[in-house]
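The residues making up each chain are set out below.
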Amino acid sequence: MQMGSSTSITILSLGFLFLLSVFSSFCTTVCISEARNNTLRVGEELRKYKRARALLKRLNKPSLKIIQSPDGDTIDCVPIHKQPAFDHPRLRGQKPLEPPKRPRGYVHVRNISINSNQDEITRIQQLWTVSGEACPDGTIPIRRTKEDDILRARSIKRFGRKPVAAGVRRDSISSGHEHAVGFVMGEQYYGAKASMNVWAPRVASQSEFSLSQIWVISGSFGNDLNTIEAGWQVSPQLYGDNLPRFFTYWTTDAYQATGCYNLLCSGFVQTNNRIAMGAAISPTSSYRSSQFDISLLIWKDPNHGNWWLEFGSGVLVGYWPSVLFSHLADHASMIQFGGEIVNTGSNGFHSETQMGSGHFAHEGFGKSAYFRNLEIVDWDNSLIPLTNLRVLADHPNCYDIQGGINTVWGNYFYFGGPGRNMKCP
């Protein structure tokens, strides 16, 4: 009996040792695998950090003066000849050009506030200028890019760019981009002008945005699409907050590898020391109260072929050199005005991101977003009113649009909406 007991104990001991050996082997394999994964993650994070730092060094140029904005932005006053545009291989070594003459029929329009009686009250400004600080002559104000700005992006490689499928009305169904726009097409266009009121729409998630802008478009809606874009937008992913900001964009290949927002790549040549691309606009319109609007003019200089941008009353911001483009090197084939949002469709529901004021077009003045005094620049470099404006909302239960014409606002339309609602689930 004692031998049997001893044998049982020995067998149990051997079994325990076997299980311990198997467990140790398994643990060693798992632990090594986990350690390798941790090493890979650390290595990837380190590479991401190095790429971000390299991009920051490329984007943030040495400045002669630094201005702190009350919204947290840092504005660098960069010598005009050291701006990002001149990193472009086709612009390297150049200097900014002198401003061209405005199109014939041009009338100065200030960025203003109007109440329900449409009386002028005050002017719109960018928040970084409220202290009275300004960039010296010979410099341009550039919103400093921070590390957090880059790390919020979906990828460092595409920082400052729209998603590849983004941007214009015909692509909206498949890409999650939704629009309510007025447009003209079928002619040769050499510019566009309009005034739009500025709101602070609610954006439901960091990966979505809401904007109001002018598009100058040429090429097909395939990979050769050329666009020039300017307006205001709320984009938490790009800027890290929910403030409406003045912005520009351009692309020559349907948002694939060329172009960017503002000065986040080489291309747009800024000539003005009072406007900062991507800086917040203040004040903004209020429901049933004062409406604050901005006027934008984009037109093609008939002498050099560059596309110039004016913000407000005679303030030339700069230009997109014609060498950046293929089709737009000649003319535009479509002009579009209006709103755009991104709907990520999270949780299977439509986004609650607002367009414009967050209210539908039928509510009208003081309640809805609008575009007014819509004009185009023709082949003769003349500003003329639109004659064949068409309006379209691709998701009218979520965001809609209503056009009109009168003697004060010329061609105009109201647009926008709340996003998700009973008719837009």
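- An unreviewed UniProt entry annotates the protein as Neprosin PEP catalytic domain-containing protein originating from Rhynchospora pubera.

Regarding the nonpolar core
- Among the nonpolar cores identified, the biggest contains 84 residues, and Trp-320 and Phe-337 are the most heavily contacted of them.
- Ranked by residues supplied to this core, first place goes to strand E17 (residues 332–342) with six residues.
- Beyond its immediate sequence surroundings of up to four residues, Trp-320 is in contact with Ile-228, Glu-229, Thr-248, Tyr-249, Trp-250, Phe-268, Ile-298, Asn-306, Trp-307, Leu-309 and Phe-325.
- Membership of the second largest hydrophobic core comes to 13 residues, among which are Tyr-106, Tyr-190, Trp-308 and Tyr-319.

Quick notes on the sheet that holds E17
- Spatial strand order, E11-E10-E9-E17-E7-E20: six strands in an open sheet with antiparallel pairing. Either end of the sheet is taken by a strand with one partner, and the two such strands are strand E11 (245–251) and strand E20 (390–393). Across this sheet, the average inter-strand angle for adjacent strands is 15 degrees, counted without regard to direction.
- When strand E9 (residues 210–218) meets E17, the two strands line up antiparallel, connected through eight bridges. Residue pairing for E17: Trp-215 is matched across the bridge by Gln-336.

Focus on unusual backbone geometry
- Look at the link from Ser-282 to Pro-283: it is a cis peptide, with omega at -5 degrees.
- Within the secondary structure, Pro-283 sits in the loop between strand E13 (281–282) and strand E14 (291–300).
- For Asn-373, which is not glycine, the phi torsion reads 50 degrees and is therefore positive.
- Along the chain, Asn-373 falls in strand E18 (residues 369–377).
- Overall, Asn-373 belongs to the partly exposed group, its relative accessible area being 24%.

Looking at the state of the cysteines
- Using the criterion set out here, one finds three disulfides in the structure.
- Cys-260 shares a disulfide with Cys-265; S-S distance 2.1 Å. Linking Cys-260 and Cys-265, the disulfide has an S-S dihedral of approximately -80 degrees and is accordingly described as left-handed. Cys-265 shares its class with Cys-260; the two are buried.
- Here Cys-398 pairs with Cys-424 through a disulfide, and the sulfurs are 2.0 Å apart. The sign of the 90 degrees torsion about the S-S bond sets the Cys-398-Cys-424 disulfide as right-handed.

Examining the pairing of strand E6 (residues 139–143)
- Across the five residues of E6, five count as buried, placing the element largely inside the fold.
- Neither face of E6 is open: one carries Thr-139, Pro-141 and Arg-143, the other Ile-140 and Ile-142, and all of them are buried.
- Relative to E6, strand E2 (residues 74–79) is paired through five bridges, and the arrangement is antiparallel. By the bridge assignment, Val-78 is partnered in E6 with Ile-140.

Here we look at the environment of Ile-142
- One can find Ile-142 in strand E6.
- Along the chain, Ile-142 and Ala-279 lie 137 residues apart, while their C-alpha atoms are 8.8 Å from each other.
- Setting aside residues no more than four positions away along its own chain, Ile-142 makes contact with Thr-74, Ile-75, Asp-76, Val-78, Pro-84 and Leu-263.

Notes on the sheet that holds E6
- Here we have three strands laid out as an open sheet, ordered E1-E2-E6, and antiparallel in their pairing. Because the sheet does not close on itself, it has two edges, and the strands there are strand E1 (65–68) and E6. Strand-to-strand, the axes of this sheet are offset by a mean angle of 25 degrees, without reference to chain direction.
- Pairing analysis gives four bridges linking E1 to E2, with the strands arranged antiparallel. Along E2, the bridge assignment pairs Gln-68 with Thr-74.

About the criteria used
- Residues numbered from 1 in each chain as written.
- Predicted model: local features only at pLDDT ≥ 70, side-chain atom pairs only at ≥ 80, totals over all residues.
- Heavy atoms only, no water.
- Core = buried A, V, L, I, M, F, W, Y, C linked by side-chain atoms within 4.5 Å.
- Buried < 20%, exposed > 50% of the residue type's maximum accessible area, 1.4 Å probe, protein only.
- Helix = DSSP H or I, 4+ residues; strand = E, 2+ residues; numbered from the N terminus.
- Contact = heavy atoms within 4.5 Å.
- Pairing = 2+ DSSP bridges.
- Axes fitted to C-alpha atoms, helices over the stretch in contact; angles between N-to-C directions.
- Disulfide = S-S within 2.5 Å.

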